[in-house]
Amino acid sequence: MANESCAKCCKRLAGIKRWFQCAKCGAWFCPSCMDRFCLFCKGAVEEKAH
């Protein structure tokens, strides 16, 4: 997780305890940018624990 960043705001996810990933395309999102559906492919976004 050290090199991952939010696909919307480009914030690094290294120090964040919760992050979200699209089940379809694999895009990562921080808690402030996440939604129920992916910004890019409209796939379901799931919470990933640290």
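Note that this is a predicted model, so its numbers are computed, not measured. (Residues numbered from 1 in each chain as written. Predicted model: local features only at pLDDT ≥ 70, side-chain atom pairs only at ≥ 80, totals over all residues. Heavy atoms only, no water.)

### Concerning the side chain of Gln-21
Then step 1. Mapping Gln-21 onto the fold places it in strand β1 (residues 18-22).
Then step 2. In this view, Gln-21 contacts Gly-26, Ala-27, Trp-28, Ala-44, Val-45, Glu-46 and Lys-48; residues no more than four positions away in its chain are not counted. (Helix = DSSP H or I, 4+ residues; strand = E, 2+ residues; numbered from the N terminus. Contact = heavy atoms within 4.5 Å.)

### Quick word on the pairing of β1
Looking down a regular strand, the side chains alternate between one sheet face and the other.
Then step 1. Across the five residues of β1, four count as buried, placing the element largely inside the fold.
Then step 2. Of the pairings in the sheet, the one linking β1 to strand β3 (residues 45-49) comprises five bridges and is antiparallel in character. Its bridge partner lying in β3, Phe-20 is registered against Glu-47.
Then step 3. By the bridge criterion, two bridges tie β1 to strand β2 (residues 28-29) in an arrangement that is antiparallel. The partner of Gln-21 across the bridge, within β2, is Trp-28.
Then step 4. With antiparallel pairing between neighbouring strands as the criterion, β1 and β2 make up a hairpin whose turn holds five residues, including Gly-26 at a positive phi of roughly 85°. (Buried < 20%, exposed > 50% of the residue type's maximum accessible area, 1.4 Å probe, protein only. Pairing = 2+ DSSP bridges.)

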